[in-house]
Amino acid sequence: MYYVNERLVNLHRIFDQNKREGYLRLDLNENPEGLSQEFIDGVLSRVTPEMVAQYPETLEFTEFLAGRLGTDIEHLSLVNGSSEGIRNIIEAFTAPSGEIVCVSPSYAMFEVYSKMYGRNFVPVPYRDDLTITVDDVISKISDDTQLLILVNPNNPMGNAWSETEMMRFFEEAERRQITVLVDEAYHYFCPETSINYALTHEHVFVTRTFSKLFSLAGARLGYVAGWPEGVALVQKLNTPHNVNMFAMLFAKKIMETEGLLDSMIENQLGGKQWLVEQLDSNGYEYRSSEGNFMFIKPFSDASEIVRRMKAEKGILIKEYDGIGAFGSCLRVTTGPKRSMERFMEALIELDKA
Ligand SMILES: Cc1ncc(COP(=O)(O)O)c(C=O)c1O
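Residues numbered from 1 in each chain as written. Predicted model: local features only at pLDDT ≥ 70, side-chain atom pairs only at ≥ 80, totals over all residues.

This part takes up the pairing of strand 6 (residues 179-183). Across the 5 residues that make up strand 6, a large majority, 5, are buried. Here strand 6 shows a buried face lined by Thr179, Leu181 and Asp183 and a second buried face lined by Val180 and Val182. In terms of handedness, the path from strand 5 (residues 145-151) via helix 8 (residues 163-175) over to strand 6 forms a crossover that is right-handed. Pairing geometry for strand 6 and strand 7 (residues 204-209), over 4 bridges, is parallel. Note on strand 7: the bridge partner recorded for Val180 is Val204. Crossover handedness for the path strand 6 to helix 9 (residues 195-200) to strand 7: right-handed. (Buried ≥ 20, exposed ≤ 12 C-beta atoms within 10 Å, placed from the backbone. Helix = DSSP H or I, 4+ residues; strand = E, 2+ residues; numbered from the N terminus. Right-handed = clockwise from strand over helix to strand, strands pointing away. Pairing = 2+ DSSP bridges.)

What follows deals with the sheet that holds strand 3 (residues 99-104). Spatially, 2-8-7-6-5-3-4 is the arrangement adopted by the 7 strands of the open sheet, whose pairing is mixed. Whereas interior strands pair on both sides, the edge strands pair on one side only; in this sheet they are strand 2 (76-79) and strand 4 (120-125). Looking at each pair of strands side by side, their axes are set apart by 20° on average, direction ignored. The sheet contact formed by strand 2 and strand 8 (residues 222-225) spans 4 bridges and is antiparallel. When the bridges of strand 8 are listed, Leu76 appears paired with Ala225. (Axes fitted to C-alpha atoms, helices over the stretch in contact; angles between N-to-C directions.)

What follows covers the site of the ligand. Neighbouring the ligand are 14 residues; Gly81, Ser82, Ser83, Thr209 and Ser211 lie closest to it. Among the residues forming the shell around the ligand, the class breakdown is 5 nonpolar, 8 polar and 1 charged. (Near = placed C-beta within 6 Å. Nonpolar A, V, L, I, M, F, W, Y, C, P; charged D, E, K, R; others polar.)

The sheet built from 4 strands is open, its strands ordered 9-10-13-12 with antiparallel pairing. Each of the sheet's edge strands pairs with one partner strand only, and the pair in question is strand 9 (285-287) and strand 12 (318-323). When the angles between neighbouring strand axes are averaged without regard to direction, this sheet yields 30°. Here 3 bridges tie strand 9 to strand 10 (residues 293-297), and the two strands are oriented antiparallel to one another.

Spelled out as structure tokens, the structure:
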């Protein structure tokens, strides 16, 4: 008899992201404007036929990255987007029917991977006022919990755990022997980081991505940082040559270019600040603490705004339903001021009370 994995048959995945060209993309927390064409051309001009013909070599880039992080390569695994690292950690550090605790809403793939591997995903909901406490999360940990996922700052809510709060999680997890995954996809938009803790303790991982601030979502690159034995297990689950040469070349050049990262942060957070001021002066309720995205409560129907933004204004944004006292609302990726101006103008026109 043929065998088919029933879990996959029943798994719901969304693969509808292929026709976004030409839209102002404020739906997936990428950089809507990207790197300059000049920068792209400069990097590509260094690509040789040999570099394309051979399997990608990761040692040089991993050493470079380790140097930037003040660690060594045993503490790092390069992954094909941090989503690959997250999947590897779930596969390596949880068992079928084991519990994975994570706040909700958060990045959808945590739950998708849990279902894919037959793990029990335990969501910790935000309160009505959209706050959540360490105790709310800890109260959901049981004897079956094997992985605690903390997203700093969390997507889509934008809240970040402080260092003191993270320490409470780490101590509780260590006491109960639960692995912790700290997802720092939005690290550059938020000062809090657990990277040094992950580099010096066992059973704590940090995942990071080059898809967001670095504007390399199309190139697929991320990394897992942790203790060497744990990282080695993550590495074993990678497909051979999982990380491509173009992604490493771009990432290295971005980090090497004096002042580039700082100006990208300034440019993107400057646009966010402008949007915050506009929302204030137009009487909007929103949440915007950390990250390159905002949660906005519209005056009229959120799904209708999302539909018309796309159809009439060529702007992609995302709707979230049932979010505490916010009800249904918009999650909008923030970016340089020019993109925020286009979004705000469209919002004022479409969102009639
Ligand atoms: C919290 C979080 N983690 C991870 C990812 C995945 O990023 P990537 O696989 O592109 O590195 C995302 C993407 O939106 C995210 O929001």
